[in-house]
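# Breakdown of the fold
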Amino acid sequence: MFITYALSYTNVAIFWNNHHHMLQVSERVDGRVLWPNMFLLFWLSLVPFVIRWMDETGFAALPTAAYGFVLVMAAIGYLLLERMLIAINGVDSRLARAVGRDLKAKLSLSAYAVAIGLAFVQPWIAIALYIAVALLWFVPDRRIEKII
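## Structural notes on a nonpolar patch on the surface
- Residues Trp53, Leu62 and Phe120 make up a contiguous nonpolar surface patch of about 320 Å² in total accessible area.
- The residue Phe120 is located in the loop between helix H6 (103-119) and helix H7 (123-137) in this model.

What follows is the structure in structure tokens.
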């Protein structure tokens, strides 16, 4: 039980911290940011529900995959928000320079997607991937930290 709730809290905190940093380096924010932001927040709001389901079923395949699906969707929301902020602030903005092609975010998204499939083979492998991605992002994005 502890590992699931710690993972849930850590993932929400990681998204929130990086979201804060991303907005902090953005000079302009307008209405076009609202929908990608709400998309991200919607998927993050589902984290406690799928974590509880995963915990109650003893890490069964379907809830473990569902947790990965929620993380995939949140990661897509984060990338959409990042791309919209870059579109608003320009390709030479501080955010754009900091993240570049954002291979870290794309790698994380890919790891979540792979974990969904692996959840049906061995749920613990999927959970290990979720933890690995969390560790990758545990310290707020240093690329952005350098610019702040």
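Here the narrative resumes.
## Details of H6
- If you check H6, its first and last C-alpha atoms are 24 Å apart, about what 17 residues at 1.5 Å a residue would give, namely 24 Å.
- Taken residue by residue, H6 has Ala105, Ser108, Ala111, Tyr112, Ala115 and Ala119 as its buried positions. Down the axis of H6, the buried set is contained in an arc of 120°. They therefore lie on one face. Away from its buried face by more than 90 degrees, H6 exposes Leu103 and Leu107.
- Looking at the buried residues of H6, the elements they touch are helix H1 (2-24), helix H4 (61-89) and H7.

## Things to note about empty space enclosed by the protein
- For the structure on display, the rule yields one cavity of 30 Å³ or more.
- Each pocket or cavity is described by its volume, and for the largest cavity that value is around 150 Å³.
- At the level of secondary structure, the elements contributing two or more residues to the lining of the largest cavity comprise H1, H4, H6 and H7.
- At four residues, the largest contribution of residues to the lining of the largest cavity is made by H1.
- By residue class, the composition of the lining of the largest cavity is ten nonpolar, three polar and no charged.

## Overview of the pattern of salt bridges
- Using the criterion set out here, one finds five salt bridges in the structure.
- Asp30 serves as the salt-bridge partner of Arg32, at 2.8 Å between the closest nitrogen and oxygen.
- Across the pair Arg83 and Glu82 runs a salt bridge, and its minimum N-O distance is 3.0 Å.
- Residues participating in the shared-partner salt-bridge network are Arg28, Asp30 and Arg32.

## Description of the confidence of the model for the protein chain
- Summary statistics for the protein chain give a mean pLDDT of 92 and a share of 97% for residues scoring 70 or more.
- Across the protein chain, the secondary-structure element scoring lowest on mean pLDDT is helix H8 (residues 142-145), at 70, and the one scoring highest is H4, at 97.

## Considering the packing of H6 against H7
- Two elements in contact, H6 and H7, have axes separated by 7 Å at closest approach and are oriented at 165°. By the angle between their axes, H6 is roughly antiparallel relative to H7. For the pair H6 and H7, the sense of crossing is left-handed. Contacts from Lys104, Ala105, Leu107, Ser108, Ala111, Tyr112, Val114, Ala115, Ile116, Leu118 and Ala119 in H6 reach Pro123, Ile125, Ala126, Leu129, Tyr130, Val133, Leu136 and Trp137 in H7.
- Split by residue class, the contact of H6 with H7 holds 17 nonpolar, one polar and one charged.

## A short note on the packing of aromatic side chains
- Following the criterion strictly, the structure yields eight aromatic pairs and no others.
- When the ring of Phe42 is compared with that of Trp43, the centres are 5.1 Å apart and the planes differ by 80°; the resulting orientation is edge-to-face.
- The class for Phe42 is partly exposed, based on a relative accessible area of 45%.
- Ring centres 6.3 Å apart and planes at 70° place the aromatic pair Tyr78 and Trp137 in the edge-to-face group. On the criterion of sequence distance, the pair formed by Tyr78 in helix H4 and Trp137 in helix H7 is long-range, its members being 59 residues apart.
- Trp137 gets classed as buried once you look at its relative accessible area, which sits at 8%.
- One aromatic cluster is present, formed by Phe39, Phe42, Trp43 and Phe69 through successive ring pairs.
- Stacked on the ring of Trp137, the Lys or Arg Lys104 has its end atom at 4.2 Å from the ring centre.

Rules of the game
Residues numbered from 1 in each chain as written. Predicted model: local features only at pLDDT ≥ 70, side-chain atom pairs only at ≥ 80, totals over all residues. Heavy atoms only, no water. Patch = residues over 30% accessible without salt bridge, like charges linked within 9 Å, V, L, I, M, F, W, Y side chains within 5 Å. Areas by Shrake-Rupley, 256 points an atom, 1.4 Å probe, with all protein chains shown as cover. Salt bridge = Lys/Arg side-chain N within 4 Å of Asp/Glu carboxyl O. Helix = DSSP H or I, 4+ residues; strand = E, 2+ residues; numbered from the N terminus. Expected span 1.5 Å × (residues − 1). Buried < 20%, exposed > 50% of the residue type's maximum accessible area, 1.4 Å probe, protein only. Arc of directions from axis to C-beta. Contact = heavy atoms within 4.5 Å. 1 Å grid on protein atoms, 1.4 Å probe; cavity = no way out; pocket = protein on both sides within 12 Å on 5 of 7 lines; lining within 4 Å. Points joined across faces, edges and corners; volume = space filled by probe spheres on them. Nonpolar A, V, L, I, M, F, W, Y, C, P; charged D, E, K, R; others polar. pLDDT = per-residue confidence, 0-100. Axes fitted to C-alpha atoms, helices over the stretch in contact; angles between N-to-C directions. Parallel < 35°, antiparallel > 145°, perpendicular 65-115°, else oblique. Left-handed = near helix turned anticlockwise from the far one by under 90°. Phe/Tyr/Trp six-rings, centres within 6.5 Å; stacked < 30°, edge-to-face > 60°. Lys NZ or Arg CZ within 6 Å of the ring centre and 35° of its normal.

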